[in-house]
Amino acid sequence: ASLVPTGMRAVQVPVASAVGVRPGDLVDVIATFGGGGAHTEVAGEAIEVLAVDRGGGGASFGGATTPSTGGVGLVLLVTPTDAERLAFASAFATLSIAVRGPDDLAPGEAFTVPTTAGR
């Protein structure tokens, strides 16, 4: 709790993999929702990693659990609004992360994923 500034929250989210991620890194959390309306969206941008739980033992922090099949739990420093968005995404989507470089601090940067349509 001493690492969480006033007005912020620390939440744990389960991700499939977090190779090379360390506390202090900034990540974007990407949620892939399945089913009939399958889609992918950014659930959080430029979020600081407070801790990495690679144990995959199902430890709980803030209501989220890490997958018992070798998944990773990331403890992230977020706003209350981001905490709500991440809780929803972790309940209904598969989460993955994109690690930001040390000079890439600004959230809200649009990026496009090339498609193979029309080939």
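Here, every reference points to the structure presented above.
Cut-offs and rules
- Residues numbered from 1 in each chain as written.
- Predicted model: local features only at pLDDT ≥ 70, side-chain atom pairs only at ≥ 80, totals over all residues.
- Heavy atoms only, no water.
- Helix = DSSP H or I, 4+ residues; strand = E, 2+ residues; numbered from the N terminus.
- Buried < 20%, exposed > 50% of the residue type's maximum accessible area, 1.4 Å probe, protein only.
- Contact = heavy atoms within 4.5 Å.
- Salt bridge = Lys/Arg side-chain N within 4 Å of Asp/Glu carboxyl O.
- Pairing = 2+ DSSP bridges.
- Axes fitted to C-alpha atoms, helices over the stretch in contact; angles between N-to-C directions.

## Overview of the overall build of the protein
The number of helices and strands found in the protein is 1 helix and 7 strands. For the protein, the α and β elements follow one another from N to C terminus as β-β-β-β-β-β-α-β. Buried residues in the protein amount to 34% of all 119 residues. Considering only residue pairs separated by 6 or more positions, the protein has 70% of its internal contacts joining residues 24 or more positions apart.

## A few points about the pattern of salt bridges
If you walk through the whole model with that rule in mind, you get 3 salt bridges. When the shortest N-O distance is used, the salt bridge between Asp28 and Arg100 registers 2.7 Å. With Asp28 in strand β2 (residues 26-33) and Arg100 in the segment after β7 (93-99), the pair connects residues that are 72 residues apart, well separated along the chain. In this structure, Asp28 and Arg100 share a single accessibility class: buried. Across the pair Glu45 and Arg100 runs a salt bridge whose closest N-O atoms are separated by 3.9 Å. With Glu45 in strand β3 (residues 39-53) and Arg100 in the segment after β7, this residue pair connects regions lying 55 residues apart in the sequence. A residue is classified by how much of its surface remains accessible, and Arg100, at 10% relative accessible area, is buried. It is possible to trace a salt-bridge network through shared partners that takes in Asp28, Glu45 and Arg100.

## Details of the environment of Val21
Its place among the elements puts Val21 in the loop between β1 (9-15) and β2. In the structure, Val21 is positioned 76 residues away from Ile97 in sequence and 9.5 Å away in space, judged by C-alpha atoms. Apart from the residues within four sequence positions on either side, Val21 is in contact with Val49, Val52, Arg54, Leu74, Ile97 and Val99.

## Structural notes on the sheet that holds β7
Across the sheet, which stays open at both edges, the 5 strands sit in the order β1-β6-β3-β2-β7 with antiparallel pairing between neighbours. Every interior strand has two partners, whereas the edge strands, β1 and β7, have only one. Between one strand axis and the next, the sheet turns through 45° on average, direction left out of account. As paired elements, β2 and β3 share 7 bridges and run antiparallel to each other. Residue pairing for β3: Thr32 is matched across the bridge by Thr40.

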